[in-house]
Amino acid sequence: MPELPEVEMARRTLEPLTGATIVSVASEDRRVFASSLDAVGRVIRRVGRRGKWLRLELDEGFVFSHLGMTGGFQLTTAKAPALPFERVRLDVVRRGKTTSVRYTDSRRFGRFIVSATDIEAWSELGPDPLLDGIDQERVLAFMKKRKRAVKEVLLDQALLAGVGNILAIEALWGAAIDPRTPSRSMNERDVHVIARELRAVIRRTLRYREAGRHAGHGKEPFRVYGHAKEPCPRCGTPLKHIVLGGRGTTYCPGCQKRHTPDSPRK
Ligand SMILES: [Zn+2]
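Residues numbered from 1 in each chain as written. Predicted model: local features only at pLDDT ≥ 70, side-chain atom pairs only at ≥ 80, totals over all residues. Heavy atoms only, no water.

A. Looking closely at the coordination of the zinc ion. With distances of 2.2 to 2.3 Å, the protein atoms coordinating the zinc ion are C232 (SG), C235 (SG), C252 (SG) and C255 (SG). Seen from the zinc ion, its 4 donor atoms lie at angles of 99 to 117°, and the figure they make is tetrahedral. Read from N- to C-terminus, the donor residues coordinating the zinc ion fall into the pattern C-x2-C-x16-C-x2-C. One end of the pair, C232, is in the loop between α7 (188-213) and β10 (240-244); the other, C255, is in the segment after β11 (247-251), with 23 residues separating them in the sequence. (Donors = N, O, S within 2.8 Å, 3.2 Å for Na, K, Ca; no water. Tetrahedral: all angles 85-135°; square planar, octahedral: opposite > 155°, others 65-115°. Helix = DSSP H or I, 4+ residues; strand = E, 2+ residues; numbered from the N terminus.)

So, in structure tokens, the structure goes:
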């Protein structure tokens, strides 16, 4: 499921479209696709991202896209036939050359929205860790106000946009914090370590995705996600899989304590 690093990779795929003029937008999928603006003739000024949302800024209006669970973009030629699970086709011309952008999505939880104005889902997003950094004071204040488990709160896109299940699992393991710990019991030190680990896992995952794109394969970036029942890379205890707030969660019962090692909580 695409999280910040995967959506950032999609943004990089689309970045060469900057300066191109849209010549056609086609979709028959009324679940994925919505349009309140005729984008034909509009120029793509900027290919942006915030959290898990992509936003193409046009000279008038925007194109928003969320990859849902299985969405993705491919650039091809105008002559190329429809791809499997193709939901939207956007053809653009830049310097006389036509590029056909295909949005594919097998499970159709994604979105592709052409709009004259910013949409609510975009406006409500919190800061993006990659674009804006992580304001630890703000994160701590947010967490102090919430009773839910720290991992559930980390998934709130108003806290940090782009943090999904995988990033949260990895960061909490890196921070040695039990994902079930109440959010409001987090302290300055916990937030500092969580922020450090989030930045690290985002960097590792981006490197891995870049390596995958350029034929080679980087080192698999996940320490615990997808490794339930295997020994913890830090302490050797078998990793456990639980469901927390409806989401599958892997953690180490051996070393992910309800407090960080050097700041015991009363
Ligand atoms: Zn462990």
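Picking up after the structure, the text goes on.
B. Seen up close, the environment of R111. Mapped onto the fold, R111 is located in strand β9 (residues 111-115). For R111, a relative accessible area of 30% gives the class partly exposed. Along the backbone, R111 and C232 are 121 residues apart, and their C-alpha atoms lie at a distance of 37 Å. Beyond its immediate sequence surroundings of up to four residues, R111 is in contact with R31, V32, W53, F64, S65, H66 and Y103. (Buried < 20%, exposed > 50% of the residue type's maximum accessible area, 1.4 Å probe, protein only. Contact = heavy atoms within 4.5 Å.)

C. Structural view of the sheet that holds strand β5 (residues 62-66). Across the sheet, which stays open at both edges, the 5 strands sit in the order β2-β9-β5-β4-β3 with mixed pairing between neighbours. This sheet does not close on itself; its edge strands, each paired only once, are β2 (33-35) and β3 (44-50). Strand after strand, the sheet turns through a mean of 15° between neighbouring axes, direction not considered. Judged from the 5 bridges that link them, β5 and β9 form a sheet pairing that is antiparallel. Following the sheet pairing, H66 is matched in β9 by R111. Where helix α1 (residues 4-14) meets the sheet, its contacts fall on β3 and β4 (53-58), and the angle it forms with β3 comes to roughly 170°. (Pairing = 2+ DSSP bridges. Axes fitted to C-alpha atoms, helices over the stretch in contact; angles between N-to-C directions.)

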